[in-house]
Amino acid sequence: TARFSPAELAAITGAKSAPGLEDEFVVVQGVADLVVLLPEEIWLADFKTDEITANGLPEKKRLYAPQLKLYARALEKIYSRPVTERWLHFLAARTTVEL
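Per chain, the residues get numbers from 1 upward, laid out in the order the sequence is written. In view of the model being predicted, local features appear only for residues whose pLDDT reaches at least 70, and side-chain atom pairs are presented and counted only at 80 or more, with totals across whole chains, interfaces and linings using the full set of residues. Side-chain metrics rest on all non-hydrogen atoms present in the structure, leaving aside hydrogens and water.

**Regarding helix 2 (residues 57-79)**
Put simply, the test is: The helix and strand labels rest on DSSP assignments: H or I over at least four residues marks a helix, E over at least two residues marks a strand, and numbering proceeds from the N terminus. In this analysis, the expected span of each helix is defined as 1.5 Å times one less than the number of residues it contains. To get the bend at a residue, fit one axis to the 7 residues ending there and another to the 7 starting there, then take the angle between the axes. Only protein chains enter the calculation, and the probe is 1.4 Å; a residue is then buried if its accessible area is under 20% of its type maximum, exposed if over 50%, and partly exposed in between.
Relative to the 33 Å expected for 23 residues at 1.5 Å per residue, helix 2 spans 31 Å between its end C-alpha atoms, a close match to the ideal helical length. Where helix 2 bends most, at Tyr64, the angle is about 40°, and the proline Pro66 comes one to four residues later. Within the sequence span of helix 2, burial applies to Leu57, Tyr64, Ala65, Leu68, Leu70, Tyr71, Ala72, Ala74 and Leu75. The positive-phi residue at the C-terminal boundary of helix 2 is Ser80, with phi of around 55°.

And the structure:
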């Protein structure tokens, strides 16, 4: 669970924030599948159950990238260290992609 300003969310997700919300905040809650907390950095992996082929990987990577960026930024806020590795692992395709 982490608190973000609309501007922070816009920077992370690429979506535009509505005007007039500069003094507001959004609380985002989610569950990361795998987080490795190291002394100087964090690694993050998310598992996906989508039934996809290798040809569909680029689109799924694009689709899920904002979610992992948001998780990474929340972890950085909470633990005061950078997320240096982010992966999506597609269980059905038995494939891991780096973000």
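**Focus on the side chain of Asp46**
Note the following rule: As used in this structure description, the phrase polar contact means that two N or O atoms lie within 3.5 Å; if the pair is within protein, one of them must be able to donate a hydrogen and the other to accept it, and residues adjacent in sequence are counted only when both atoms belong to side chains. Two residues form a contact once any of their heavy atoms are found within 4.5 Å.
Among the secondary structure elements, Asp46 is positioned in strand 4 (residues 42-48). Residue class for Asp46 comes out buried when judged on its relative accessible area of 2%. At 2.7 Å, the side chain of Asp46 and the side chain of Lys48 are in polar contact. In contact with Asp46, not counting residues within four places along its chain, are Asp33, Gln67, Leu68, Tyr71, Trp87, Leu88 and His89.

**Comments concerning the environment of Lys77**
Within the secondary structure, Lys77 is located in helix 2. Note on Lys77: relative accessible area 30%, which makes it partly exposed. With 27 residues separating them along the chain, Lys77 and Asp50 place their C-alpha atoms 29 Å apart. Those residues in contact with Lys77, other than ones at most four positions away along the chain, are Arg3, Phe4 and Glu8.

**Details of the nonpolar core**
Condition: Definition of nonpolar core: a set of buried residues of the types Ala, Val, Leu, Ile, Met, Phe, Trp, Tyr and Cys, connected through side-chain atoms within 4.5 Å.
Ranked by size, the top nonpolar core spans 13 residues in total, and within it Leu44, Leu57, Leu75, Val83, Leu88, Phe90 and Val97 carry the most contacts. Those elements giving two or more residues to this core turn out to be strand 4, helix 2 and strand 5 (83-90). Sorting elements by how many residues they give to this core places helix 2 first, with six residues. The residues contacting Leu57, other than those within four sequence positions of it, are Ile52, Phe90, Thr95 and Val97. By size, the runner-up hydrophobic cluster in this structure holds seven residues, among which are Phe4, Val28, Leu70 and Ala74.

**Some points on the pattern of salt bridges**
To be explicit about the condition: Salt-bridge detection follows one rule: a side-chain nitrogen of Lys or Arg within 4 Å of a carboxyl oxygen of Asp or Glu.
Under the defined criterion, the tally for this structure stands at five salt bridges. Two residues, Glu8 and Lys77, come together in a salt bridge whose shortest N-O distance is 3.2 Å. A residue pair is termed long-range when its members are at least 10 positions apart, and Glu8 in helix 1 (residues 6-13) and Lys77 in helix 2 qualify at 69 residues. With a shortest N-O distance of 2.7 Å, Lys48 and Asp46 are connected by a salt bridge.

**Quick notes on the sheet that holds strand 3 (residues 34-37)**
In a beta sheet, neighbouring strands are held together by backbone hydrogen bonds and run either parallel or antiparallel to one another. Heads up, the condition is: Two strands are said to pair when DSSP picks up at least two bridges between them. Working convention: axes come from line fits to C-alpha atoms, limited for helices to the stretch in contact. Angles between N-to-C directions cover 0 to 180 degrees.
Taken together, the four strands give an open sheet; going across it, the order is 3-4-5-6, and neighbouring strands pair in mixed fashion. Here the strands that pair on one side only, and so sit at the sheet edges, are strand 3 and strand 6 (95-98). Neighbour-to-neighbour, the strand axes of the sheet open up by a mean angle of 20°, direction not taken into account. Sheet topology note: the strand 3/strand 4 ladder contains four bridges and is antiparallel. Within strand 4, the position partnered with Leu34 by the bridge is Ala45. Against the sheet, helix 2 contacts strand 3, strand 4, strand 5 and strand 6, and its axis sits at roughly 140° relative to strand 5.

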